[in-house]
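One letter stands for each residue in the lines below.
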Amino acid sequence: MSRDPESQSVKEEAGEFRLCQDEEKLLVKQEIETTKEEESKPKKKRCKKNLPSCETCGQTFTQLRYLTAHLRTHKDGKPFQCATCGKGFNKQNNLTVHMRIHTGEKPYPCELCDKSFRTTSQRYDLNVHMRTHTGEKPFSCHICGERFIRKITFNFHVRAHTKGKPFACEVCDSSFNYSYDLARHMRIHTGEKPFPCLTCGKTFRERGSLNGHIRIHTGEKPHVCIDCGKSFARKHNLTIHTRTHTGEKPYSCDICGRSFTDNTILLNHVRTHSGEKSFSCPYCGKSFTKKYTLTKHLIFLQTIFVFSFLKSKNRINA
């Protein structure tokens with residue numbers, strides 16, 4: 001029986017087509033297996049030998065500009081110096097904000113009151129201030145449930161429960177909740193007064209004292225008594241004054257039980273029991289228990305000096 005040449009040719013082509021399909025499937029399978037093997041291999045980590053690193057702490061960085069910024073965080077890496085007080089900063093932006101302390105610039109005003117602020121990112125900033133208007137108190141004490149606007153106030157409150165004051169003064173027996181409180185206290189012993197008045201040159205240990213002093217020059221008295229309308233340059237003075245209306249005297253003498261509206265008055269009173277005389281005259285050496293008495297003494301000496309000077313001048317002219 002003879003075969004049809006045309007049908008034979010069709011069968012051969014069909015066989016070749018199946019063979020091509022099988023080869024293609026095999027190639028695809030091999031490619032998939034190769035890909036899986038490559039994915040299963042552990043990826044090589046980028047070699048850190050050639051990365052820029054800090055010679056001080058050894059930290060590495062992916063780019064040189066990150067290393068440059070990091071170097072400024074070390075103690076001696078503060079290239080941006082304040083021309084007024086000499087304080088150094090590792091960023092230009094921090095220096096710009098700092099300069100507003102000296103210039104008095106406060107470019108961020110509150111839309112609900114007349115207060116303005118130097119920056120929107122400080123501890124006592126515009127964002128925190130807005131909570132006084134909205135009533136928001138995001139910090140809650142887990143011990144008593146009391147809520148606070150500022151985190152720093154919340155931290156002070158929590159430590160009042162635990163009675164923890166880890167920062168102790170090496171000169172006296174005082175201890176503090178925070179390191180900056182200790183640093184501020186140490187200025188009492190060292191005599192450092194880093195906050196100068198740009199108007200008269202007088203210096204102060206604390207920035208708050210400087211701000212209160214500046215109001216002597218400007219005449220500003222923003223703290224007003226709601227009972228009598230009397231105004232004060234400092235909030236502390238308003239607080240003491242308010243106690244004259246309420247009759248509150250929270251500071252008591254442990255020796256005689258007498259109470260006072262202000263802690264300073266109590267300290268002066270306690271010296272009357274101990275006999276301590278902390279205020280000495282620089283001219284005659286006489287000591288006093290109260291600063292006010294020393295001031296009166298100095299005025300008296302000044303009067304005598306002026307009188308003696310005028311008297312001797314008249315004798316010369318005669």
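As recorded in an unreviewed UniProt entry, the chain goes by C2H2-type domain-containing protein and comes from Poecilia reticulata. What UniProt records for the chain under Sequence similarities (unreviewed entry) is the sentence "Belongs to the krueppel C2H2-type zinc-finger protein family." The record held by UniProt for the chain lists under Subcellular location (unreviewed entry) the comment "Nucleus".

### Considering the overall build of the chain
A count of helices and strands for the chain gives 10 helices and 16 strands. Looking at the chain residue by residue over its 318 residues, the buried ones come to 21%. Excluding contacts between residues fewer than 6 apart, the proportion of contacts in the chain whose partners are at least 24 apart in sequence is 4%.

### A few points about the side chain of His185
Counting through the fold element by element, His185 comes out in helix 6 (residues 179-190). Reaching out from His185, the side chain makes a polar contact with the side chain of His189 at a distance of 3.1 Å. Setting aside chain neighbours within four positions, we find His185 in contact with Cys169, Cys172, Ser174 and Phe176.

### Brief notes about the packing of aromatic side chains
One pass over the full model with this rule turns up two aromatic pairs. With a centroid separation of 6.2 Å and 25° between ring planes, the pair formed by Phe139 and Phe154 is classed as stacked. In this pair, Phe139 is assigned in strand 5 (residues 139-140) and Phe154 in helix 5 (residues 151-162), connecting sequence segments 15 residues apart. What makes Phe154 buried here is its relative accessible area of 16%. Judged by centre distance (6.3 Å) and plane angle (55°), the ring pair of Phe148 and Phe154 falls under tilted. The buried category is assigned to Phe148, whose relative accessible area is 9%.

### Describing the pattern of salt bridges
Summed over all chains, the structure comprises four salt bridges. With a closest N to O distance of 3.9 Å, Glu105 and Arg100 form a salt bridge. Overall, Glu105 belongs to the partly exposed group, its relative accessible area being 41%. Residue class for Arg100 comes out buried when judged on its relative accessible area of 13%. Across the pair Glu220 and Arg215 runs a salt bridge, and its minimum N-O distance is 3.9 Å.

### Focus on helix 7 (residues 207-218)
For helix 7, built from 12 residues, the straight-helix expectation of 16 Å at 1.5 Å per residue is met to within 8% by its first-to-last C-alpha distance of 17 Å. Looking at helix 7, one finds that the buried residues are Leu210, Gly212 and His213. Down the axis of helix 7, the buried side of the element spans an arc of 165°, and every buried residue falls inside it. Gly219, located one to two residues past helix 7, shows a positive phi value of around 80°.

### A short note on a positive patch on the surface
Judged by side-chain charge, Lys193, Lys202, Arg205, Arg234 and Lys291 come together as a positively charged surface patch. The exposure class assigned to Lys291 is exposed, which follows from its relative accessible area of 55%.

Rules of the game
Residues numbered from 1 in each chain as written. Predicted model: local features only at pLDDT ≥ 70, side-chain atom pairs only at ≥ 80, totals over all residues. Heavy atoms only, no water. UniProt positions renumbered as here; feature names shortened; annotations may be inferred. Helix = DSSP H or I, 4+ residues; strand = E, 2+ residues; numbered from the N terminus. Buried < 20%, exposed > 50% of the residue type's maximum accessible area, 1.4 Å probe, protein only. Contact = heavy atoms within 4.5 Å. Polar contact = N/O pair within 3.5 Å; in protein donor to acceptor, adjacent residues only side chain to side chain. Phe/Tyr/Trp six-rings, centres within 6.5 Å; stacked < 30°, edge-to-face > 60°. Salt bridge = Lys/Arg side-chain N within 4 Å of Asp/Glu carboxyl O. Expected span 1.5 Å × (residues − 1). Arc of directions from axis to C-beta. Patch = residues over 30% accessible without salt bridge, like charges linked within 9 Å, V, L, I, M, F, W, Y side chains within 5 Å. Areas by Shrake-Rupley, 256 points an atom, 1.4 Å probe, with all protein chains shown as cover. Lys, Arg positive; Asp, Glu negative; His and termini not counted. Charge placed at Lys NZ, Arg CZ, Asp CG, Glu CD.

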